[in-house]
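Single-letter residue listing:
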Amino acid sequence: MNLKYRKTIIAGNWKMHLNADEAKKFILRLKPKAVQARWCDVVLCVPFLQIPAAVKAAKGTRIAIGAQNCHYEPKGAYTGEISCEMLAEAGVKYVIIGHSERRRDNNETDTTVNKKVLAALQAGLKPIICVGESLEMRDNDVTLDVVRMQVKTALRGVMHDQIRRVTIAYEPIWAIGTGYTATAEQAGEVCEAIREVVRQLYGARLARAVSILYGGSMNTANAAELLAQPDVDGGLIGGASLKTESFEDIIEAANQ
Ligand code: PGA
C-alpha cells in the first residue's frame with residue numbers, strides 16, 4: 001500500500017451468495033466498522049437482485065455497493081443482461097469486470113472486458129478489472145507476459161482523465177477459492193508489473209494514483225502480509241467476505 005498516492009480498497013465479491021435479508025443484516029453489522037475505517041474504501045459487490053436492498057442498507061455509510069458484471073451496450077436486445085446505466089441508476093458505484101469465473105464460464109475475452117470497461121466508465125461507474133494467470137501459465141513462466149497483455153487490452157481506449165477511476169485486481173486463477181494464496185512476493189511482483197504497464201500508458205503520476213488489488217484466498221491470516229507489499233493496494237475478497245467478522249478483520253489488516 002502507499003497511502004500517500006492512492007486509496008486502499010477492501011472489496012468483497014459475494015459471487016452467488018447471500019439473499020436480500022442476509023445482505024441487509026451483513027451491511028447493518030458492518031456499518032460501525034465502515035464508519036471507523038477511514039484508512040480504506042469498503043466495497044461490497046453483491047448479486048444483481050440484492051443491489052436495491054444493499055444500496056438502501058448502505059445509504060449514509062462509507063460502504064459502496066458494486067456489481068459483479070455488466071453488459072457493454074447501454075440498452076438493446078440482450079436477453080438477461082444488465083447495462084452499466086441501469087447499475088448506475090440503481091446506486092451502484094463499482095463493477096467487477098472480467099472475473100476469471102466469467103472468463104471461464106461465460107466466454108469473456110480480453111476484448112469483451114475492454115468493451116465493458118469503456119461502457120462502465122462512460123456510465124460513471126468505477127471498473128474493477130480482474131486479470132490473472134492459470135497454474136499452467138505460471139509453471140511455464142509466462143505470468144507477467146499474460147497479465148501485461150490482459151491489462152493493456154482491457155485499458156485500450158481508456159483516456160488519461162479516466163484512468164484514476166479504474167482499479168485493477170490481480171487474481172491468479174489457481175488461488176481463487178482454492179485456499180492457495182500467492183505469496184506476498186508473487187503478488188507484489190505481478191502488481192508491480194501491472195503498475196509498470198499503467199505507467200507506460202499513462203505516465204508515472206497517474207500510475208501512482210491507480211489502486212491495484214490482490215484477490216485469491218485472501219483471509220484474516222494472510223491479509224496483512226499481502227497488503228504490506230508496496231504495490232498491493234487492497235483486496236478483492238470472495239469467501240472471507242461472506243462473514244462480517246472475517247471481512248472486518250481484513251479491513252483492520254489494511255490499517256497498517
Ligand atoms: P476467494 O475469491 O477469496 O474466495 O478466493 C476471490 C475472488 O474470486 O474474487
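Source: prediction; values computed, not measured.

Chemist: Any chance you could explain the pairing of strand β7 (residues 211-215) here in plain terms?
Modeler: Two faces belong to every sheet, and in a regular strand the side chains alternate between them. Most of β7 sits out of view: five of its five residues are buried. Of the two faces of β7, the one lined by Ser211, Leu213 and Gly215 and the one lined by Ile212 and Tyr214 are each fully buried. Sheet topology note: the β7/strand β8 (residues 234-237) ladder contains two bridges and is parallel. Each bridged residue has a counterpart across the sheet, and for Tyr214 the counterpart in β8 is Gly235.

Chemist: Before we go on, may I ask you to explain the pattern of salt bridges in this structure?
Modeler: Think of it this way: side chains of opposite charge can pair up when their charged atoms draw near. Tallied over the full model, the rule gives 16 salt bridges. A salt bridge links Arg102 to Glu108; the shortest N-O distance between them is 2.7 Å. Its relative accessible area of 22% is what places Arg102 among the partly exposed residues. What makes Glu108 buried here is its relative accessible area of 9%. Note that Asp145 and Arg148 form a salt bridge whose closest N and O atoms lie 3.6 Å from each other. Of the two residues, Asp145 and Arg148 both sit in helix α7 (residues 143-154), three residues apart, roughly one turn of that helix.

Chemist: Help me out: how do you make sense of the site of the ligand in this one?
Modeler: What surrounds the ligand is a group of 13 residues, the closest being Lys15, His99, Glu171, Gly177 and Ser217. Interatomic distance of 2.7 Å between a side-chain N/O atom of Lys15 and an oxygen atom of the ligand. One nitrogen or oxygen atom from the main chain of Ser217 is found 2.7 Å from an oxygen atom belonging to the ligand. Alone, the ligand offers 280 Å² of accessible surface; in the complex the protein occludes 95% of this. Taken together, the residues that form the shell around the ligand break down as four nonpolar, seven polar and two charged.

Rules and cut-offs
Residues numbered from 1 in each chain as written. Predicted model: local features only at pLDDT ≥ 70, side-chain atom pairs only at ≥ 80, totals over all residues. Heavy atoms only, no water. Buried < 20%, exposed > 50% of the residue type's maximum accessible area, 1.4 Å probe, protein only. Helix = DSSP H or I, 4+ residues; strand = E, 2+ residues; numbered from the N terminus. Pairing = 2+ DSSP bridges. Salt bridge = Lys/Arg side-chain N within 4 Å of Asp/Glu carboxyl O. Near = heavy atom within 4 Å. Polar contact = N/O pair within 3.5 Å; in protein donor to acceptor, adjacent residues only side chain to side chain. Areas by Shrake-Rupley, 256 points an atom, 1.4 Å probe, with all protein chains shown as cover. Nonpolar A, V, L, I, M, F, W, Y, C, P; charged D, E, K, R; others polar.

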